[in-house]
Every structure is written in C-alpha cells, then in structure tokens.
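The chain contents come next:
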Amino acid sequence: MKKLSTILLISMLGIQLVNAQTNVKYINAMQKGMALLEKSRTSVDFNEAANQFTRISSVEKTNWLPKYYSAYTTLLAGIFEEENEAKDLLFTKALALTEEADVLSPNNSEVHTLKGYVQFMTMTVDPTIRAATAIPLSMASLGKARKIDPANPRPDFVQGQNTFYTPEYFGGGPTIAKPLLSSAAEKYEKQAVATDSFAPQWGKDRCLMLLKECK
C-alpha cells in the first residue's frame, strides 16, 4: 500500500510539473503575441501578430483568447490593408475566427463585440451594396454583447466609433456618436482590473481621442 501511495504521489507531481511547464509556454507565447500587437503599425505587422496567435490557438484548442486575438489582429490587418480585395479576405477570415471563438466561449460579451466590429468593417469594402446588411448585423452583435455584460465598455466604443465615421446623412457623425463614446468612457473608468492579464483591454485611448473631436 505504501509503495502504491508513493507511485501515485510521483504520478501526481509529474502531472503538476507538465501542467506548469505548459502554462509557462502559453504565457510566454501570449506575451510574444501581445508584444507584436503592441508594436504593429502596418497590415504586415498585424498579420505577423495574427500568425503568432493562430499558432497558440492550434495548441490551446479549448482556450478562446488565442482565437479571439487571432481574429482581432486579423481585423486590424484588414483595416490597415489598402487593397480592397486583400482587405475583404482579411475581414472574412476575421469573421470566421470570431465564430470559432464563439464556439469555445458561448455568450461572451467580448467575442460578440469583436464580431460586431468585424461585421461593420466588412461593409467598408463596398458600402453601397453592403451597408443595408452589414450594419444591422453589427448592431445586433453589439446589442447582444451589451446585454451579456452591460459594464463592458467596448460595445459602446465600437458602436460610437462606427457612428462617428458614418456620414451625417446616413444617421452618423460626431454629434450622434458622442453619447455612445461618453458612455464607453465612463465604463472604461469603472471597469475592474481583469484577473486574466490577457483579457481584452483595447479601445480606451481611441475612445477618449474621438470623444475630444465630438461637438
């Protein structure tokens, strides 16, 4: 019995050691991805960050965050891409990645916020044709994100940013965007410190910048 207990103890310690090593690898890989994201300035840069998060997601198959950041950085690569066909491919890829993140973490406010962001940006490739479909889809996703977590500032920020850049004759502009951006700014100030260091935290600086430009 004593020998069996010793074997079990050694096995448990071995499992704990493997888990600890795996966790360290995950943290180091995510930190590298976040560093790439932080210094990105071009579509190529954001694609490099996206590739890093994609590699992590291929290992961390049940963790939604690598998939989320793969989608987020792919979206940013699309925003900074100048050629419309390439831009559209990146937005399509980003949207598919948000769907995959949604499977891993259903009813996640951050995932639905990002999905709404991507849906709106797909419209920018061809506004005349896509606006009637993309904007309602985006609004629905942001509404769902807000319902899941009313304290999340990012749904208000994304909708406010979208509204800010929408022409006034289409119901947008800085004046209409201001209440949304103000709401987002208040929520950013009240947002609790995330327990996960890799939890989404983006948007605050840009929200405050746009708010200053509102009438």
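Residues numbered from 1 in each chain as written. Predicted model: local features only at pLDDT ≥ 70, side-chain atom pairs only at ≥ 80, totals over all residues. Heavy atoms only, no water.

Enquirer: Pulling in residues and values, what's your account of the overall build of the protein chain?
Expert: On a plain count of helices and strands, the protein chain comes out with 9 helices and 0 strands. When the helices and strands of the protein chain are read in sequence order from the N terminus, they spell out α-α-α-α-α-α-α-α-α. In the protein chain, buried positions account for 44% of the 215 residues. Contacts in the protein chain between residues at least 24 apart in sequence constitute 62% of all its contacts with a sequence separation of at least 6. If you sum the accessible surface of the protein chain, you get close to 12,200 Å²; carbon and sulfur atoms cover 61% of it. (Helix = DSSP H or I, 4+ residues; strand = E, 2+ residues; numbered from the N terminus. Buried < 20%, exposed > 50% of the residue type's maximum accessible area, 1.4 Å probe, protein only. Contact = heavy atoms within 4.5 Å. Areas by Shrake-Rupley, 256 points an atom, 1.4 Å probe, with all protein chains shown as cover.)

Enquirer: So what's going on with the packing of aromatic side chains? Residues and values would help.
Expert: Under the criterion given, the structure shown has 10 aromatic pairs. Their ring planes at 35° and their centres at 5.1 Å tell us that F46 and F80 sit as a pair that is tilted. Of this pair, F46 sits in helix α2 (residues 43–59) while F80 sits in helix α3 (residues 64–80), and the two are 34 residues apart along the sequence. For F80, a relative accessible area of 43% corresponds to the partly exposed category. Geometrically, the ring pair formed by W64 and Y68 is edge-to-face, given 5.5 Å between the ring centres and 80° between the ring planes. (Phe/Tyr/Trp six-rings, centres within 6.5 Å; stacked < 30°, edge-to-face > 60°.)

Enquirer: With reference to specific residues and values, describe the nonpolar core.
Expert: In terms of nonpolar packing, the biggest core is built from 43 residues, with M30, Y69, L75, F157 and L181 touching the most fellow members. Among the elements that make up this core, the one with the highest residue count is α3 (9 residues). Excluding anything up to four places from it in sequence, L75 contacts F91, A94, L114, Y117, V118 and M121. (Core = buried A, V, L, I, M, F, W, Y, C linked by side-chain atoms within 4.5 Å.)

Enquirer: With reference to specific residues and values, describe the pattern of salt bridges.
Expert: For side chains bearing opposite charge, pairing can occur when the charged atoms are close. Overall, the coordinates contain 7 salt bridges when judged by the stated rule. Among the salt bridges present, the one from K67 reaches E100, with a minimum N-O distance of 2.8 Å. Of this pair, K67 sits in helix α3 while E100 is found in helix α4 (residues 84–104), placing the two residues 33 residues apart along the sequence. Residue classification places K67 among the buried residues on the basis of a relative accessible area of 15%. R146 serves as the salt-bridge partner of D156, at 2.7 Å between the closest nitrogen and oxygen. A residue pair is termed long-range when its members are at least 10 positions apart, and D156 in helix α7 (residues 153–165) and R146 in helix α6 (residues 127–148) qualify at 10 residues. Using a relative accessible area of 22% as the deciding quantity, one classes R146 as partly exposed. Salt bridges sharing common partners tie together R146, D156 and K187. (Salt bridge = Lys/Arg side-chain N within 4 Å of Asp/Glu carboxyl O.)

Enquirer: Got a sec to walk through unusual backbone geometry? Specific residues and values, please.
Expert: Although it is not a glycine, N107 sits at a positive phi angle of roughly 55°. Mapped onto the secondary structure, N107 falls in the loop between α4 and α5 (109–123).

Enquirer: Mind laying out the packing of α3 against α4, listing which residues take part and the relevant values?
Expert: Following both chains from N to C, one finds α3 and α4 inclined at 165°, their axes separated by 8 Å at the closest point. If you check the angle between α3 and α4, you find them roughly antiparallel. The hand of the α3/α4 crossing is left-handed. When α3 is examined against α4, the residues W64, K67, Y68, S70, A71, T74, L75, A77, G78 and I79 are found in contact with a partner set consisting of K87, L90, F91, K93, A94, L97, T98, E100, A101 and L104. (Axes fitted to C-alpha atoms, helices over the stretch in contact; angles between N-to-C directions. Parallel < 35°, antiparallel > 145°, perpendicular 65-115°, else oblique. Left-handed = near helix turned anticlockwise from the far one by under 90°.)

Enquirer: Residue-level account of α7, with values.
Expert: Under the 1.5 Å per step criterion, the end-to-end length of α7 is 19 Å for 13 residues, consistent within 8% with the ideal 18 Å. Most of α7 sits out of view: 12 of its 13 residues are buried. All buried positions along α7 are accounted for by P153, R154, P155, D156, F157, V158, Q159, G160, Q161, N162, T163 and F164. Contacts made by the buried residues of α7 are with α5, α6, α8 (174–190) and α9 (204–213). (Expected span 1.5 Å × (residues − 1).)

As far as function goes, none of this settles anything; it's purely spatial.
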